[in-house]
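Listed here are the chains, written in short residue letters.
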Amino acid sequence: MWLKTLVTSPISVIALLVLLIALFLRFPINFPTSHSQRLFSTEELSLFNGTDQGLPILLGILGSVFDVTKGKSHYGSGGGYNHFAGRDASRAFVSGNFTGDGLTDSLRNLSSTEVKSVVEWRDFYHKSYKYVGKLVGRYYDSQGNPTKYLKGVEAKAARGAQLLEKQKIEEAKQPSCSSSWSQDDGGQVWCDAGYPRLILRPIEMALTGKISKRCACFEESQLGQSGLELYEGCDYHANRCKA
């Protein structure tokens, strides 16, 4: 009876509305949308490193923050990937250095292919885990806008992808050697048709900044070309060489 009176009384309805508004203001409810994600500081992100069982586990990569709690066995305390939790350690995804200065978000001096790999790791997390926000700093400013550094990283990765595709097309013109390795015989390369020769990979060298070669098969009429390197100890007309 008293509940009916409370609901039907105009004064009681107003009082109830005031109470609800007061509760809402005191305990605001966040309704996340696709247009707004949380902005994290480095200090805030560090709290979500898997040591507090009451908090989700978060990691950052290229300034994007993901909830990896469902992979707690890997990212939680004692897990094999716990070094990624609570921070942006973008560089470590390709460097393999999981200690000290290796756990940094800087990609300075990485090659185009390495930067491309980091971007692909970010894409993996977008597909596999929940995206929850952005880390303010190197990749996003205080308003959540991408920085010049992030745009430069993505441009470098795109150039790397284009060069790798070009390399794939160019190398398809000259068939690669077959190869094998065994503990007894070591490495071997051979050509079912033609003769194995080492040649430089200029695009790979441009991408990585390191000398890179591959084994390709050449017909006898092509063996006089410059830049072809015979395997050490291999006969000029042998179709199989130790590598």
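What counts and how
Residues numbered from 1 in each chain as written. Predicted model: local features only at pLDDT ≥ 70, side-chain atom pairs only at ≥ 80, totals over all residues. Heavy atoms only, no water. Disulfide = S-S within 2.5 Å. Helix = DSSP H or I, 4+ residues; strand = E, 2+ residues; numbered from the N terminus. Buried < 20%, exposed > 50% of the residue type's maximum accessible area, 1.4 Å probe, protein only. Expected span 1.5 Å × (residues − 1). Contact = heavy atoms within 4.5 Å. Axes fitted to C-alpha atoms, helices over the stretch in contact; angles between N-to-C directions. Parallel < 35°, antiparallel > 145°, perpendicular 65-115°, else oblique. Left-handed = near helix turned anticlockwise from the far one by under 90°. Nonpolar A, V, L, I, M, F, W, Y, C, P; charged D, E, K, R; others polar. Core = buried A, V, L, I, M, F, W, Y, C linked by side-chain atoms within 4.5 Å. Pairing = 2+ DSSP bridges.

**Student:** I'm lost on the state of the cysteines in this one. Help?
**Tutor:** Throughout this description, disulfide means a covalent bond between two cysteine sulfur atoms. Considering all chains together, one arrives at 3 disulfides under this definition. Each sulfur in the disulfide pair Cys-191 and Cys-217 lies 2.1 Å from the other. Disulfide Cys-191 to Cys-217: torsion about the S-S bond roughly -95°, handedness left-handed. Separated by 26 residues along the polypeptide, Cys-191 in the loop between strand E6 (186-190) and strand E7 (195-200) and Cys-217 in strand E8 (residues 213-218) bring together distant segments of the chain. Judged by its relative accessible area of 3%, Cys-191 is buried.

**Student:** In this structure, what is going on with helix H6 (residues 112-128)? I would like to understand it.
**Tutor:** Within an α-helix, residues lying three or four positions from one another point in the same direction, as the helix has 3.6 residues per turn. In this model, H6 (17 residues) spans 24 Å end to end at C-alpha, consistent with the 24 Å of a helix rising 1.5 Å per residue. Those residues of H6 not exposed but buried are Ser-112, Thr-113, Val-115, Lys-116, Val-118, Val-119, Arg-122 and Tyr-125. Those residues of H6 hidden inside the fold are in contact with strand E2 (58-61), strand E3 (64-67), helix H4 (72-75), helix H5 (92-95), helix H7 (148-172) and helix H8 (202-208).

**Student:** Which parts of the structure should I look at to understand the packing of H6 against H7?
**Tutor:** With their axes 8 Å apart at the nearest point, H6 and H7 run at an angle of 110° to one another. Here H7 runs roughly perpendicular to H6, going by the angle between their axes. For the pair H6 and H7, the sense of crossing is left-handed. Residues Ser-112, Thr-113, Val-115, Lys-116, Val-119 and Arg-122 of H6 form the contact with H7, whose participating residues are Leu-150, Val-153, Glu-154, Lys-156, Ala-157, Gly-160, Ala-161 and Leu-164. Among the residues forming the contact of H6 with H7, the class breakdown is 7 nonpolar, 3 polar and 4 charged.

**Student:** Even after reading the chapter, I still don't get the nonpolar core, so can you show me in this structure?
**Tutor:** If you look at the biggest cluster of nonpolar residues, it comprises 25 residues, and the most contacted ones within it are Leu-59, Ile-61, Leu-62, Val-68, Leu-107 and Tyr-125. Looking at this core, the elements with two or more residues in it are E2, H5, H6 and H7. Residue contributions to this core peak at 4 residues, all from H6. Among residues more than four places away in sequence, those in contact with Ile-61 are Phe-66, Asp-88, Ser-90, Phe-93, Val-118, Trp-121, Arg-122 and Tyr-125. If you look at the next biggest cluster of nonpolar residues, it comprises 10 residues, including Cys-177, Cys-191, Leu-198 and Cys-217.

**Student:** Which parts of the structure should I look at to understand unusual backbone geometry?
**Tutor:** Backbone geometry follows two general trends: most residues other than glycine have a negative phi, and most peptide bonds adopt the trans configuration. Phi angles above zero are rare outside glycine, and Leu-62 is one such case at about 55°. Secondary-structure assignment places Leu-62 in the loop between E2 and E3. Overall, the relative accessible area of 0% leaves Leu-62 in the buried class. For Asn-109, which is not glycine, the phi dihedral falls at a positive 70°. Inspection of the secondary structure puts Asn-109 in the loop between H5 and H6. Using a relative accessible area of 71% as the deciding quantity, one classes Asn-109 as exposed.

**Student:** Is there a simple way to think about the sheet that holds strand E4 (residues 130-135) in this case?
**Tutor:** The strands making up a sheet associate through hydrogen bonds between their backbones, and the pairing can be parallel or antiparallel. Judged by pairing direction, the sheet is mixed, and its 4 strands sit side by side in the order E1-E4-E3-E2 without closing on themselves. The sheet is open, and its two borders are formed by strand E1 (38-40) and E2, each paired with just one other strand. The mean inter-strand angle of the sheet, taken between neighbouring strand axes irrespective of direction, is 40°. Note: E1 against E4, 3 bridges, orientation parallel. Following the sheet pairing, Arg-38 is matched in E4 by Gly-133.

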